[in-house]
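# Residue-level structural notes
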Amino acid sequence: MTAYFIRRFLLIIPTFIGVTIIVFIITRFVPGGPVERMIASAHLAAASGQSASSGISQDAGNQPLSEDQINRLKEYYGFDKPVITSYFSWLFKVLKGDLGTSTRYYDPVWDMIKNRIPVSLYFGLISMILIYSVCIPLGIAKAVKHKTAFDNISSIAVFTGYAIPGWVAGALLLFLFSFNFEIFPFGGLVSDEFEDLSLYGKIYDLFLHTILPVIAYLIGSFTVMTLLMKNSLMDNLSADYVKTAVAKGLSFKKAIFKHALQNSLIPIATSFGNNISLIVTGSFLIETVFNINGMGLLGYEAIIERDYPVVLGILVISSLLMMIGNILSDACVALIDPRVKFQ
Amino acid sequence: MNALTIKKIKKFQSIKRGYYSFIFFAGLCLLSLFAETLVNSRALMVCHKGEYYFPTYGKMISGKTFGLDYEYETNYKELKKIFSEKKQGDYVLMPPVPYNAYENDLKKNSYPPFPPSYKSKHYLGTDNMGRDILARLLYGFRTAIFFALILLAINYTIGISIGSIMGYFGKKFDLFFQRIIEIWSNIPFLYVIIIISSVILPNFFILLFIMALFGWIGITWTIRTMTYKEKEKEYVLAAKAAGASDYRIIFKHIIPNTIAVIVTFAPFSISSGIVALTSLDYLGFGLPAPTPSWGELLAQGSANMSAWWILSSVIASMAFVLIAVSFIGEAAREAFDPKMHSIYE
């Protein structure tokens with residue numbers, strides 16, 4: 001077993017290199033990178049400067065930056081070397097814990113990410129706790145009451161939630177509760193006057209800003225977890241050991257909670273590890289809709305602004321988390337299910 | 001069709017929620033194919049001096065044909081007014097919604113968006129540019145649904161072939177593709193699409209290509225696992241003993257036995273295809289500007305919430321379609337699931 005997990009951890013390395021190299025190459029060959037943007041802004045500055053001095057437009061079509069300057073810029077961003085060389089120099093920096101500096105804000109990428117993680121973590125943790133505390137009981141109830149009115153109605157609700165993507169639901173919620181009824185604020189994490197509020201005021205303010213995004217986060221994940229719980233419990237209920245237990249006179253309640261439930265929680269545990277990447281990275285669509293400054297929005301804005309060090313930095317964090325999450329999931333299963341043996 | 005398939009279809013029909021959703025959804029797809037006859041600025045039929053014209057499909061008909069003083073395409077709404085004023089027995093039959101998805105219906109002294117109005121035949125109002133929302137919804141639906149269907153076909157073709165080959169041959173081929181898939185699935189695909197489509201102006205097929213590039217992974221995994229299970233069964237051994245080639249075993253024996261899984265997953269892939277296209281359009285990285293799309297309407301609606309008719313009509317139609325699709329999926333799952341459940345009294 002230990003050997004298996006060591007192997008899994010070692011396999012992270014080739015996958016990590018594969019993922020980052022692909023994205024690195026894409027960012028390299030996409031026009032509009034930092035150097036080109038510098039040139040463009042210099043163009044703009046030169047053009048306005050010329051018109052101000054009612055200039056003689058002798059070199060209007062020429063580069064405002066000299067060849068030398070452009071080369072220095074390229075060197076600064078590592079664009080002067082071939083892709084593979086600059087990829088590896090980037091990789092070594094990452095290994096030393098240096099994710100580079102944002103080409104947009106000139107802040108260290110790690111600091112930018114570090115500032116955003118708590119926001120995504122806040123929403124991620126709240127939604128995770130709510131998902132597990134609602135889905136497991138609901139799934140049990142649905143399995144026990146299979147094919148009854150309760151099962152039918154909750155199925156409709158659950159599938160409706162699944163059908164509508166979280167961010168669309170978010171837009172709808174904003175429209176209904178913030179615009180029409182004016183109960184909740186229009187996105188953001190806190191109000192502008194947050195600093196001036198009392199402690200209770202602060203908590204209340206944060207609470208108001210939290211509700212709608214959390215609902216949007218919940219809507220999608222809810223369904224999968226509930227149905228997973230329901231189906232796995234139903235599989236176990238029809239298994240022979242539960243039939244035997246009931247036949248021997250155990251009450252139905254005890255048969256569920258003492259026998260079936262424990263085994264049917266295993267599939268739930270399978271997905272447990274995947275939560276860490278969701279918790280930390282968040283969903284950029286929901287963050288865009290609600291204008292929450294989390295990791296998702298940071299990554300999205302970085303792409304729009306061609307801030308590639310940030311894009312790659314987020315990729316490093318999110319892909320590592322995802323892979324570690326997968327391994328954690330397997331470890332969870334191995335921990336709770338003695339039948340599972342990884343070779 | 002064998003007896004088992006008929007039984008499954010019967011079971012599907014007996015699940016009312018899914019079955020009616022299926023009829024509703026299929027009807028909607030069919031309707032959208034003939035969208036031009038329902039929502040269009042071209043007339044269905046024009047009778048002019050005893051001759052009949054059917055302008056809906058085919059080339060544009062110049063205004064001169066109907067005795068107007070311009071060469072460009074006839075404005076049928078104007079023509080209808082002119083004909084009814086002249087009263088010479090000529091008439092124009094317009095579709096129920098006489099607007100196409102692109103025309104800006106502007107009014108004097110007021111600015112769009114205009115609220116829904118029965119009189120101006122903008123049944124769901126107009127958007128920020130004065131374009132009819134019902135028209136944009138219907139044509140947007142057609143684009144989205146066919147996008148999702150074609151994407152499904154591509155993804156499943158790739159996924160089923162690679163997945164079954166991986167599962168059947170196993171060993172090095174399997175290991176190699178496992179690594180590729182692991183790398184591929186770790187790449188944040190929405191990011192890559194955004195990067196690519198912010199550089200080249202994407203059209204329908206480019207978007208389809210990019211999405212297919214990342215979309216085949218899910219089904220490949222599933223089919224691989226299924227094939228692993230299937231190939232151990234006796235019927236495969238029997239086919240092998242009878243001398244069937246690998247190709248024949250995979251395509252004639254194994255894949256037909258995984259069809260239940262494929263059918264179960266298909267509706268969910270359709271809805272995720274629609275959602276993916278809508279998300280991209282919402283962010284502005286989808287189909288280029290004037291193309292009618294749900295995502296673009298969503299973006300407009302959430303930017304301008306006082307025009308409540310934009311956001312509410314697009315969210316309502318999205319909800320209807322996606323819920324119908326997921327009910328179909330739910331029913332298909334139940335119909336194709338051979339497991340029997342015990343219910344305790």
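Residues numbered from 1 in each chain as written. Chains lettered and ligands numbered in written order. Predicted model: local features only at pLDDT ≥ 70, side-chain atom pairs only at ≥ 80, totals over all residues.

### Remarks on the overall build of chain A
Each helix and strand in chain A was counted, giving 15 helices and zero strands. Computed over its C-alpha atoms, the radius of gyration of chain A comes to 27 Å, more than 25% above the 20 Å expected for a compact globule of 343 residues. The principal-axis extents of the C-alpha atoms in chain A amount to approximately 100 × 55 × 35 Å. The buried share of chain A, reckoned over its 343 residues, is 30%. When contacts within chain A are restricted to residue pairs at least 6 apart in sequence, those whose partners lie at least 24 apart make up 74%. (Helix = DSSP H or I, 4+ residues; strand = E, 2+ residues; numbered from the N terminus. Rg over C-alpha atoms; globule rule 2.2 N^0.38 Å. Buried ≥ 20, exposed ≤ 12 C-beta atoms within 10 Å, placed from the backbone. Contact = placed C-beta atoms within 7 Å.)

### Things to note about the overall build of chain B
When helices and strands are counted, chain B shows 13 helices and three strands. Taken against the 2.2 N^0.38 rule, which gives 20 Å for 345 residues, the C-alpha radius of gyration of chain B at 26 Å runs more than 25% over that of a compact globule. Along the three orthogonal principal directions, the C-alpha set of chain B runs to about 85 × 50 × 45 Å. Within chain B, buried positions represent 37% of all 345 residues. Within chain B, counting contacts between residues at least 6 apart in sequence, those at least 24 apart form 65% of the total.

### Some details on the nonpolar core
With 121 residues, the main nonpolar core has Val-168 of chain A together with Val-314 of chain B as its most contacted residues. The dominant element in this core, judged by the number of residues it contributes, is helix α5 (residues 133-169) of chain B, at 15 residues. Not counting the four nearest positions on each side in its chain, Val-314 of chain B is found in contact with Leu-137, Trp-294, Leu-297, Leu-298 and Gly-301 of chain B. (Core = buried A, V, L, I, M, F, W, Y, C linked by C-beta atoms within 7 Å.)

### Brief notes about the packing of helix α6 (residues 149-163) of chain A against helix α13 (residues 308-336) of chain B
Between two packed helices, the angle of one axis relative to the other and the distance separating the axes together describe the packing. With their axes 8 Å apart at the nearest point, α6 of chain A and α13 of chain B run at an angle of 120° to one another. Relative to α13 of chain B, the element α6 of chain A lies oblique. The handedness of the crossing between α6 of chain A and α13 of chain B comes out as right-handed. Note on element contacts: α13 of chain B touches α6 of chain A through Ala-319, Leu-322, Ile-323, Val-325, Ser-326, Phe-327 and Glu-330 of chain B, opposite Phe-159, Thr-160, Tyr-162 and Ala-163 of chain A. (Axes fitted to C-alpha atoms, helices over the stretch in contact; angles between N-to-C directions. Parallel < 35°, antiparallel > 145°, perpendicular 65-115°, else oblique. Left-handed = near helix turned anticlockwise from the far one by under 90°.)

### A few points about the interface of chain B and chain A
Contact residues are listed per partner, giving 32 residues for chain B and 36 residues for chain A. Looking at the side of chain B that touches chain A, the elements with two or more residues in it are α6 (171-186), α7 (189-197), α11 (246-283), α12 (294-303) and α13 of chain B. Looking at the side of chain B that touches chain A, the element that brings in the most residues is α13 of chain B, giving ten residues.

### Let's talk about the environment of Pro-188 of chain B
Tracing the backbone shows Pro-188 of chain B in the loop between α6 and α7. Measuring from C-alpha to C-alpha, the distance between Pro-188 of chain B and Leu-124 of chain B comes to 37 Å, with 64 residues separating the pair along the chain. Other than its neighbours up to four places away in sequence, Pro-188 of chain B contacts Leu-315 and Ser-318 of chain A.

### Here we look at the packing of helix α7 (residues 166-180) of chain A against α13 of chain B
The geometry of α7 of chain A relative to α13 of chain B is characterised by a closest axis approach of 11 Å and an angle of 140° between their N-to-C directions. α7 of chain A and α13 of chain B meet at a crossing whose hand is left-handed. Facing α7 of chain A, whose interface residues are Val-168, Ala-171, Leu-172 and Phe-175 of chain A, α13 of chain B presents Leu-311, Ile-315 and Met-318 of chain B.

### Topic: α12 of chain B
Note on helix geometry: an α-helix contains 3.6 residues per turn, so any two residues three or four positions apart are oriented the same way. Of all ten residues in α12 of chain B, nine are buried; the element is thus mostly enclosed. Those residues of α12 of chain B that are buried are in contact with α7 of chain A together with α5, α11 and α13 of chain B.

### Quick notes on the sheet that holds strand β3 (residues 91-93) of chain B
Residue and element names in this part refer to chain B. Strands sit in the order β2-β1-β3 across an open sheet of three strands; the sheet is antiparallel. The open sheet has two free edges, formed respectively by β2 (51-53) and β3, since each of these has just one partner strand. The sheet shows a mean angle of 15° between the axes of neighbouring strands, taken without regard to direction. Strand direction decides the pairing type here: strand β1 (residues 45-48) and β2, joined by three bridges, are antiparallel. For His-48, the partnering residue across the bridge sits in β2 and is Glu-51. (Pairing = 2+ DSSP bridges.)

### A short note on the pairing of β1 of chain B
Residue and element names in this part refer to chain B. The sheet contact formed by β1 and β3 spans three bridges and is antiparallel. Bridge pairing in β3 places Val-46 opposite Val-92. Hairpin connection from β1 to β2: two residues lie between these consecutive antiparallel strands, with Lys-49 at a positive phi of about 50°.

### A short note on unusual backbone geometry
The phi torsion at Lys-147 of chain A lies on the positive side, around 70°, for a residue other than glycine. Tracing the backbone shows Lys-147 of chain A in the loop between α5 (109-144) and α6.

### A short note on helix α2 (residues 16-33) of chain B
Taking 1.5 Å of rise per residue, 18 residues should cover 26 Å, and α2 of chain B covers 26 Å from first to last C-alpha, within 8% of that figure. Buried residues along α2 of chain B sit in contact with α1 (3-14) and α13 of chain B. (Expected span 1.5 Å × (residues − 1).)

### Some thoughts on the environment of Phe-16 of chain A
Residue and element names in this part refer to chain A. With respect to the helices and strands, Phe-16 occurs in helix α1 (residues 2-29). The exposure class assigned to Phe-16 is partly exposed, which follows from the 19 C-beta atoms found within 10 Å. Measuring from C-alpha to C-alpha, the distance between Phe-16 and Asp-240 comes to 44 Å, with 224 residues separating the pair along the chain. When neighbours within four sequence positions are excluded, Phe-16 is seen to be in contact with Ser-319 and Leu-320.

### Re the environment of Leu-320 of chain A
All names here are of chain A. By secondary structure assignment, the location of Leu-320 is in helix α15 (residues 308-336). Here Leu-320 falls in the partly exposed class, since 16 other C-beta atoms lie within 10 Å of it. Residues Leu-320 and Ser-277, 43 residues apart in the sequence, show an inter-C-alpha distance of 8.6 Å.

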